Amino acid sequence: IHQAGQQTAARFTNDLGISMCFDLTNPLAVEVARQTAAGMVTAISAETRLAIQNVIRRAIEEGITYRDSALIIREMIGLTSRDSMALLNYASELKTLGLNWTKKKGSVKQYAARLLRQRSLTIARTEIMLAANAGQRVAWWQAEAKGLLPRETEREWLITEGKRTCA
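Residues numbered from 1 in each chain as written. Predicted model: local features only at pLDDT ≥ 70, side-chain atom pairs only at ≥ 80, totals over all residues. Heavy atoms only, no water.

(A) Looking closely at helix α3 (residues 46-62). For α3, built from 17 residues, the straight-helix expectation of 24 Å at 1.5 Å per residue is met to within 8% by its first-to-last C-alpha distance of 24 Å. Inspection of α3 places Thr-48, Ile-52, Gln-53, Val-55, Ile-56, Arg-57, Ala-59 and Ile-60 among the buried residues, and these make up the whole buried set. After α3 finishes, the residue Gly-63 shows a positive phi value of roughly 70°. (Helix = DSSP H or I, 4+ residues; strand = E, 2+ residues; numbered from the N terminus. Expected span 1.5 Å × (residues − 1). Buried < 20%, exposed > 50% of the residue type's maximum accessible area, 1.4 Å probe, protein only.)

This is the structure we're talking about:
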């Protein structure tokens, strides 16, 4: 995220002559996270939703990575009904292979942990990016309202290389 922000700041300076710097803590993104984070997360209680909002807000305020946020979120959530069905199917498959209960129990527990890890990473990554992008949109609208950006300014996607970037 930081690398993309630096590229955007350099582009503003070069293309529009507007000098700016990239700050990881966007107060608008923090406010969006405070108000709306965890809105897309399903199968959680209202209290868990508030707890996830707090994690996302603090992640943006303090620069906590989505991976570290996911570790915290993982302790707050359970499996969805879809994940539970996948886990039950996995356990049934192990039973048909004739594995004894001890081995099956360990494998099922590992699979459940993997499903929770995937869910928590998805929640953290999605919610942090939603809040950050919403905060950026509001910052653009404010810059337009103050006359710092022409109304016809268009957004251009800048792609940074990384292990999650495909060709």
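Still to come is the rest of the account.
(B) Just the packing of α3 against helix α4 (residues 66-74), in detail. Contact geometry for α3 and α4: axes closest at 10 Å, N-to-C directions at 160°. Here α3 lies roughly antiparallel to α4, going by the angle between them. Considering how the two elements wind past one another, α3 and α4 form a crossing that is right-handed. Contact residues: Ile-52, Val-55, Ile-56 and Ala-59 in α3; Ser-69, Ile-72 and Ile-73 in α4. (Axes fitted to C-alpha atoms, helices over the stretch in contact; angles between N-to-C directions. Parallel < 35°, antiparallel > 145°, perpendicular 65-115°, else oblique. Left-handed = near helix turned anticlockwise from the far one by under 90°. Contact = heavy atoms within 4.5 Å.)

(C) Structural view of the environment of Ile-60. For Ile-60, the location among the structural elements is in helix α3. A relative accessible area of 8% places Ile-60 in the buried class. Taking the C-alpha atoms as reference, Ile-60 lies 8.4 Å from Ala-131; in sequence the two are 71 residues apart.

(D) Just the packing of aromatic side chains, in detail. Overall, the coordinates contain one aromatic pair when judged by the stated rule. When the ring of Tyr-90 is compared with that of Tyr-111, the centres are 4.7 Å apart and the planes differ by 35°; the resulting orientation is tilted. Residue Tyr-90 is located in helix α5 (residues 81-96), and its partner Tyr-111 is located in helix α6 (residues 101-145); the two are separated by 21 residues in the primary sequence. Taking the relative accessible area as the measure of exposure, Tyr-111 reaches 17% and is therefore buried. (Phe/Tyr/Trp six-rings, centres within 6.5 Å; stacked < 30°, edge-to-face > 60°.)

(E) Main features of unusual backbone geometry. Here the phi dihedral of Ala-38 falls at roughly 75°; this positive angle occurs in a residue that is not glycine. As for its placement among the helices and strands, Ala-38 is situated in the loop between α2 (27-36) and α3. For Ala-43, which is not a glycine, the phi torsion comes out positive at approximately 60°. For Ala-43, the position within the fold is in the loop between α2 and α3.

(F) Broad picture of the packing of α2 against α3. Where α2 contacts α3, the axes come no closer than 8 Å and their chain directions differ by 175°. Classed by the angle they form, the pair α2 and α3 counts as roughly antiparallel. Only Gln-53, Ile-56, Arg-57, Ile-60 and Glu-61 of α3 make contact with α2, whose side of the interface consists of Ala-29, Val-30, Ala-33, Arg-34, Gln-35 and Thr-36.

(G) Region of the structure containing the nonpolar core. Ranked by size, the top nonpolar core spans 23 residues in total, and within it Ile-52, Ile-56, Ile-60, Ile-73 and Ile-77 carry the most contacts. The set of elements that each furnish at least two residues to this core consists of α2, α3, α4 and α6. The element contributing the most residues to this core is α6, with seven residues. When residues no more than four places from it in sequence are discounted, the contact partners of Ile-56 are Ala-33, Ala-37, Ile-73, Ala-124, Glu-127 and Ile-128. (Core = buried A, V, L, I, M, F, W, Y, C linked by side-chain atoms within 4.5 Å.)

(H) Geometry of the environment of Ala-37. Following the sequence through the fold, Ala-37 ends up in the loop between α2 and α3. On the basis of relative accessible area, Ala-37 is assigned to the buried category, the value being 1%. Remark: the alpha-carbon pair of Ala-37 and Asn-54, spanning 17 residues in sequence, is separated by 8.3 Å. Look past the residues within four positions of Ala-37 in its chain and what remains in contact with it is Val-32, Arg-49, Gln-53, Ile-56 and Glu-127.

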